[in-house]
Each structure stands twice: as structure tokens, then as C-alpha cells.
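Structural features, examined
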Amino acid sequence: MSFFSHTERSGPLPVPVQAEVPELQDAELAALYYGQRMGGDFYDFIRVSPCRVVFGLLDVAGRLEDCRSIITATQTTFRTVAMDLLSRDGINENEAMIDLGVQLNKTILKEAKGVHPCPAFAACYNEEMGILSYVNSGHLPALLRDKTGISELPATGLPLGLFSHLAPDAAMAALQPGASVLLVSRGVVEGKSKHEEFGMDRVKHSLQNSSAESAKEICMNVIDQVKQFMKTPPTHNDVTALSLYRNAAAKSATVAC
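Model, not experiment: these values are computed from the prediction.

1. Description of the confidence of the model for the chain
Within the chain, residue pLDDT values average 88, and 89% of them lie at 70 or more. Residue range residues 1-13 is modelled with pLDDT below 50. Its contacts to residues more than four positions away, or to other chains, number 26 contacts.

2. A closer look at helix α2 (residues 93-112)
Taking 1.5 Å of rise per residue, the 20 residues of α2 would be expected to cover 28 Å, and the 28 Å separating its terminal C-alpha atoms lies within 8% of that figure. Among all positions of α2, only Glu-93, Asn-94, Ala-96, Met-97, Leu-100, Gly-101, Val-102, Leu-104, Asn-105, Thr-107, Ile-108 and Leu-109 are buried. Packing partners of the buried residues in α2 comprise β3 (52-60), α1 (64-86), β4 (120-126), β5 (131-137) and β8 (171-174). Its side-chain oxygen 3.1 Å from the backbone nitrogen of Asn-94, Asn-92 forms the N-cap of α2. At the C-terminal side of α2, Lys-113 shows a positive phi close to 60 degrees.

3. Thoughts on the environment of Phe-55
Relative to the helices and strands, Phe-55 resides in strand β3. A relative accessible area of 1% places Phe-55 in the buried class. Distance in space between the C-alpha atoms of Phe-55 and Cys-124 is 6.6 Å, their sequence separation being 69 residues. With near-sequence residues (within four places) excluded, Phe-55 lies in contact with Leu-29, Asp-44, Phe-45, Phe-78, Phe-121, Ala-122, Ala-123, Tyr-125, Leu-132, Leu-242 and Leu-244.

4. So, unusual backbone geometry
With the exception of glycine, most residues fall at negative phi, and the peptide bonds are largely trans. Of note in the backbone geometry, Asp-26 takes a positive phi value of approximately 60 degrees without being a glycine. Topologically, Asp-26 is positioned in the segment before β1 (27-34). The partly exposed category is assigned to Asp-26, whose relative accessible area is 41%. Look at Lys-113: it is not a glycine, yet its phi comes out positive at around 60 degrees. Checked against the element boundaries, Lys-113 lands in the loop between α2 and β4.

What counts, and at which threshold
- Residues numbered from 1 in each chain as written.
- Predicted model: local features only at pLDDT ≥ 70, side-chain atom pairs only at ≥ 80, totals over all residues.
- Heavy atoms only, no water.
- pLDDT = per-residue confidence, 0-100.
- Contact = heavy atoms within 4.5 Å.
- Helix = DSSP H or I, 4+ residues; strand = E, 2+ residues; numbered from the N terminus.
- Expected span 1.5 Å × (residues − 1).
- Buried < 20%, exposed > 50% of the residue type's maximum accessible area, 1.4 Å probe, protein only.
- Polar contact = N/O pair within 3.5 Å; in protein donor to acceptor, adjacent residues only side chain to side chain.

Structural data, given as C-alpha cells:
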């Protein structure tokens, strides 16, 4: 489930660090790619404190060979800034996520030496509270499934890499025990059968009707359904899914991290 393996390195090109999924308390994170990487889909995870994990899915515009250095620089910023902002006790997680979005935007503009669009979803999951603080910079909405049904976590700002003073808003979502979050790349919704796209409605249907009780199974289900819908292995774009699942037996917290 890593972004790139070190064996993919060619010459002096920079290579992103392998994304290792951290273990969570009463929850699971997972992410999957299908097939060979072609574009700029990029996910990462980092534990920043005993009760906080930060994760993100970004889509750097362009082909992999053209945007590899941007991805690497962005991952470095993601890890170092997330640790700096969110490792301390008593912080405002929403404000920290806004600051993280600002720094990611600056990194993309600097490394690209100009405008370079990058839809991005980044979130901090507070394991003690079961709370997700997130910024959605022009990315497809994440889907939250709980006992009330499916709800969207929509865009809170424009894609990164467009404007130098861009500052996305942040939002929060509570994950009940048994709730799950699914985030997919544009390659998932744009998968086609004849002239019809897979679309977000089918992503919602996949999540709503999934009996999976693990984050990895949730990711596998939606990617398998894209393949079945297209009736051929998807090679049109990067096809990526990321999921967070809170165990049904998780206990609700009464104190903040």
C-alpha cells in the first residue's frame, strides 16, 4: 500500500518516502492503488502524538515523471509541518490543519516554480474523541457512513497550487463507533463503461452497501467495483482509495487529547 517502492527510482530522481500506515486505537486506516502509477496521486500517514494521526490524499496535476519532485517536496512538508503543528497538547486542530494547508500550498508553488493545481484532502483524526478535523482543497468529497446514512465532507477551499495566499477553511466530523470514511481519487469516478462514468453515486452505493469491517476491505470493494464496471483493468488514470474505519466496539471518549 505504499506510494512508490524504492525499486522504481531511476537515476537521481527524488523518491517519496514509503507510506507506513500507523496502528490506531479502536480504528483502522488503509489506502490502495490499482496497477501501475501514471499520474500524481499521493497519499501519506503520520502519527503526530499518542492520540492523533494525520493523513492525506493529494492529486498533483501531470504525469508521474513530470511531477515526481513536487510530490516528494510536498510529502516532506506534509510530514514535518504536521508533526510541528499537531504534536503538542491542547492545540486547536482546525487551526493547525489550516496552517498545514497553507504550507503545502507554498511548497507546491515553490517546487513547481509557478501555478500547478493539486486537489488535496488532509485530516487529523483524534483517536480519543473520534473527531476528524480536515481541509478539503478542491478534492472530491470524502464520504462518511454511519448509522444515519451517507454524508459528504465537501470542499472547504480551492485546489492547492493556484494562489500564493490561499488559505483553505477547516471543518470537523464526528465518527460514531462503526462509522467509516471513504476518499477516492478522480480516477475512480472517471472510470468509464462505454460513455458512462462510474461516478460518485456508485462510490456512495459501494460504501453504503459494504459489509466490510475493515478499512482495507472498504478500499478493495470500491476498486473492485470500478474494475467490474469498466470490464477491463483501469489504465485511464491513477485509481486510488483511502479509508478510515472506527471499530464498532470503540468507546466514546469524555476528555480531549
